[in-house]
Amino acid sequence: YIPEDILPVWIRRAVGPAFAIAAMTALGVIHPPAGAHSVIYASGSYNWVFYVLVVIGAMISVAPAVIVNNLSNRRQYPLYWGYWSEYLRLQWRRFGRNK
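About the criteria used
- Residues numbered from 1 in each chain as written.
- Predicted model: local features only at pLDDT ≥ 70, side-chain atom pairs only at ≥ 80, totals over all residues.
- Heavy atoms only, no water.
- pLDDT = per-residue confidence, 0-100.
- Helix = DSSP H or I, 4+ residues; strand = E, 2+ residues; numbered from the N terminus.
- Patch = residues over 30% accessible without salt bridge, like charges linked within 9 Å, V, L, I, M, F, W, Y side chains within 5 Å.
- Areas by Shrake-Rupley, 256 points an atom, 1.4 Å probe, with all protein chains shown as cover.
- Salt bridge = Lys/Arg side-chain N within 4 Å of Asp/Glu carboxyl O.
- Buried < 20%, exposed > 50% of the residue type's maximum accessible area, 1.4 Å probe, protein only.
- Phe/Tyr/Trp six-rings, centres within 6.5 Å; stacked < 30°, edge-to-face > 60°.

What follows is about the confidence of the model for the protein chain. This prediction gives the protein chain a mean pLDDT of 79; 85% of its residues lie at or above 70. Within the protein chain, the lowest mean pLDDT, 70, falls on helix α4 (residues 83-97), and the highest, 86, falls on helix α1 (residues 9-27).

Given below as structure tokens:
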């Protein structure tokens, strides 16, 4: 939260979505509701509890998608798990050699 005497609300409401959209574009994960959330947070009407609830809601909504899509052999969600997949693959190979 930035106090109103440092940065007025109308500027925060303009700059918040601009930074959110720029960050999403740089990361390659465009999600329009995230821009809307930045406007809500910039208004200063909500506190960190609202933010935590949004993050928990996002995790709860992604968990079933991951489970259901990975039950099929023809689908995988997410397509890339990051560096952990390569790390676990190497560990699995090492484990197989030690038998």
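Our focus in this paragraph is a nonpolar patch on the surface. Judged by side-chain polarity, W48, Y51, V52, V55, I56, M59 and I60 come together as a nonpolar surface patch covering roughly 720 Å² of accessible area. Looking at the element boundaries, V52 is found in helix α3 (residues 48-71). Taking the relative accessible area as the measure of exposure, V52 reaches 42% and is therefore partly exposed.

Attention now goes to the packing of aromatic side chains. For the structure shown, the criterion picks out two aromatic pairs. The interplanar angle of 70° and the centroid separation of 5.8 Å between the aromatic rings of Y41 and F50 together place this pair among those described as edge-to-face. Given a relative accessible area of 26%, Y41 falls into the partly exposed group. Look at F50 and you get partly exposed, because its relative accessible area is 23%. With 5.6 Å between their ring centres and 70° between their planes, Y41 and Y51 make a pair best called edge-to-face. Here Y51 lies in helix α3 and Y41 lies in helix α2 (residues 32-42), a separation of 10 residues in the sequence. In textbook terms, an aromatic cluster arises when at least three aromatic residues are bridged by ring pairs, as seen for Y41, F50 and Y51.

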